[in-house]
Amino acid sequence: MQAENFNETVTPSGRCRKHNIYLLIVLEISEYFNGIIKDEKDVSAGMAAIRTLLKVLEHSKSETVQELRYCLQNAVDAMRSTDNPVTAIASGSELFLRFITLATLDTPSFAECKGIMLHRGKVFYEKLVAARGKVAKVAAHFITDGSKILTHSKSRVVLQAMKEAAASNKIFEVYVTTSSPDDSGVEMCQNLTQMGVSCTLILDSAMGYVMEQVDMVMVGAEGVAESGGVINKVGTYTMAMCAKEVKKPFYVLTESFKFSRIYPLNQVDLPDEFKYTASTLKKDLRKEHPLVDYTPPHFISLLFTDLGILTPSAVSDELIKLYL
């Protein structure tokens, strides 16, 4: 992947060529990013975004920090324009850029600065790789023998937590919603069954009926708002309301790189780019189905994260620490 110096001055006759080069690079970044998601099913969109930014950083031909930042931001914009969930891409990329650009404050030369940025980027990515395991270990302690758990859609970190619990010889039962419109819950149920965990696939509309039979709800998150509310697969909000009504604990499992500096107050307040894919945004959104919804913090019992077990009100404090 060859990143270009976009900030150099060009003549009018050279603008067309410059624009074509820019489009070519955007296409290359998008293909690399989509390739990771397609070929590595265990890698989330947020993790794939950070790997892509590392690749851009490594191969960039920029000669100043300003040019490099511009190049990285273009890469972020390219990934956000693909038909993948934007929530984790946005939060992960923002934290990544914040973390690596701290190196620009006290380095004498650009070459040294870029080397430090690349090193910090790799350290950041390694921490994220380990984060899912940390979350899983924390959450697995809450799964006890005889537990009945309800979950929604497919979450890699929830699956990892249940794998941890099963490895500890705990016997428990899981109910998984089919999760329309992509039926991602079917794959989750298959994964659990292959692990030897008793699993029942239910209709999305049956979550209220099943809620009375379970001991807890465990879901993942595509993003965590500053308020402590979560953005996740559509239907999560409905499940949280059902859990609240019948007084069942509602647990969210998520890595801290999904913490985002947004503060939606309701479903309409959630940015459209989070709710729809890039291609859907070009259509009449009144007739389109959102991919995610927003669950306010008062419906959430606890968040299990790589930073520890948090209440929703603690998320804003952790975000401040992440951006210091």
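The structure we're discussing is the one just above.
Since the structure is predicted, the reported quantities are computational estimates derived from the model, not experimental observations.

Draft legend 1. Structural context of the packing of aromatic side chains. Applying the stated criterion across every chain yields a total of six aromatic pairs. Ring geometry for Phe-142 against Tyr-251: centres 5.6 Å apart, planes inclined by 70°, an arrangement best described as edge-to-face. Of this pair, Phe-142 sits in the loop between α5 (110-140) and β1 (148-151) while Tyr-251 sits in strand β7 (residues 250-253); the two residues are 109 residues apart in sequence, bridging distant segments of the chain. The exposure class assigned to Phe-142 is partly exposed, which follows from its relative accessible area of 29%. Relative accessible area serves as the criterion here: at 11%, Tyr-251 is assigned to the buried category. These aromatic residues form a ring-pair network of at least three members: Phe-96, Phe-99 and Phe-124. The positively charged end of Arg-120 is found above the aromatic ring belonging to Phe-99, 4.3 Å away from the centroid.

Draft legend 2. Spatial organisation of the side chain of Glu-222. One can find Glu-222 in the loop between β4 (216-219) and β5 (223-224). For the buried residue Glu-222, which engages in no salt bridge, the nearest side chain bearing the opposite charge is Lys-233, 7.3 Å off. The residues touching Glu-222, leaving out its near neighbours within four places in the chain, are Pro-85, Thr-87, Ala-88, Ile-231, Asn-232, Lys-233, Lys-258 and Val-292.

Draft legend 3. Here's a closer look at the nonpolar core. Ranked by size, the top nonpolar core spans 34 residues in total, and within it Leu-72 and Phe-96 carry the most contacts. For this core, the secondary-structure elements that each account for two or more residues are α1 (12-39), α2 (45-59), α3 (65-80), α4 (86-101) and α5. Not counting chain neighbours up to four residues away, the residues in contact with Phe-96 comprise Ile-50, Leu-53, Leu-54, Gly-121 and Phe-124. Residues Phe-172, Leu-192, Val-197 and Phe-304 belong to the second largest nonpolar core, which totals 25 residues.

Draft legend 4. Representation of the pairing of strand β9 (residues 302-305) within the structure. Inspection of the sheet shows β7 paired to β9 by three bridges, in the parallel sense. Within β9, the position partnered with Tyr-251 by the bridge is Leu-302. Sheet topology places β9 next to strand β10 (residues 308-310); three bridges connect them, and they run antiparallel. Its bridge partner being in β10, Thr-305 is matched across the sheet by Gly-308.

Draft legend 5. Inspection of the sheet that holds β1 at higher detail. Spatial ordering of the open sheet is given by β3-β2-β1-β4-β7-β9-β10, a layout of seven strands whose pairing is mixed. Whereas interior strands pair on both sides, the edge strands pair on one side only; in this sheet they are β3 (198-202) and β10. Within the sheet, the average angular offset between the axes of one strand and its neighbour, ignoring direction, is 25°. Pairing of β4 with β7, which is carried by three bridges, proceeds in the parallel orientation. Paired with Met-218 across the two strands is Tyr-251, which belongs to β7. Contacting β1, β2 (173-177), β4 and β7, helix α6 (residues 156-167) runs over the sheet at an angle of about 105° to β7.

Draft legend 6. Up close: the layout of surface pockets. Its volume calculated, the largest pocket comes out at about 1000 Å³. The wall of the largest pocket is formed by 39 residues, among which Pro-85, Lys-154, Arg-156, Asp-182 and Glu-222 lie closest to the centre. Those elements that provide at least two residues to the lining of the largest pocket are α1, α2, α4, α6, α7 (184-194), β6 (230-233) and α10 (272-275). Broken down by element, the residue count for the lining of the largest pocket peaks at three residues, all from α10.

Draft legend 7. Geometry of unusual backbone geometry. Here the residue pair Ser-180 and Pro-181 is connected by a cis peptide bond, since its omega of 5° sits within 30 degrees of zero. Its location among the elements puts Pro-181 in the loop between β2 and α7. Positive phi values are uncommon outside glycine, yet Lys-247 reaches one of about 60°. For Lys-247, the position within the fold is in the loop between α9 (236-245) and β7.

Draft legend 8. Structural detail: the pattern of salt bridges. Under the defined criterion, the tally for this structure stands at eleven salt bridges. Glu-187 is the salt-bridge partner of Lys-154, the closest N and O atoms lying 2.9 Å from each other. In this pair, Lys-154 sits in the loop between β1 and α6 while Glu-187 sits in helix α7, placing the two residues 33 residues apart along the sequence. One salt-bridge network, in which partners are shared between bridges, spans Asp-42, Arg-132, Glu-255 and Lys-258.

Rules used in this analysis
- Residues numbered from 1 in each chain as written.
- Predicted model: local features only at pLDDT ≥ 70, side-chain atom pairs only at ≥ 80, totals over all residues.
- Heavy atoms only, no water.
- Phe/Tyr/Trp six-rings, centres within 6.5 Å; stacked < 30°, edge-to-face > 60°.
- Helix = DSSP H or I, 4+ residues; strand = E, 2+ residues; numbered from the N terminus.
- Buried < 20%, exposed > 50% of the residue type's maximum accessible area, 1.4 Å probe, protein only.
- Lys NZ or Arg CZ within 6 Å of the ring centre and 35° of its normal.
- Lys, Arg positive; Asp, Glu negative; His and termini not counted.
- Salt bridge = Lys/Arg side-chain N within 4 Å of Asp/Glu carboxyl O.
- Contact = heavy atoms within 4.5 Å.
- Core = buried A, V, L, I, M, F, W, Y, C linked by side-chain atoms within 4.5 Å.
- Pairing = 2+ DSSP bridges.
- Axes fitted to C-alpha atoms, helices over the stretch in contact; angles between N-to-C directions.
- 1 Å grid on protein atoms, 1.4 Å probe; cavity = no way out; pocket = protein on both sides within 12 Å on 5 of 7 lines; lining within 4 Å.
- Points joined across faces, edges and corners; volume = space filled by probe spheres on them.

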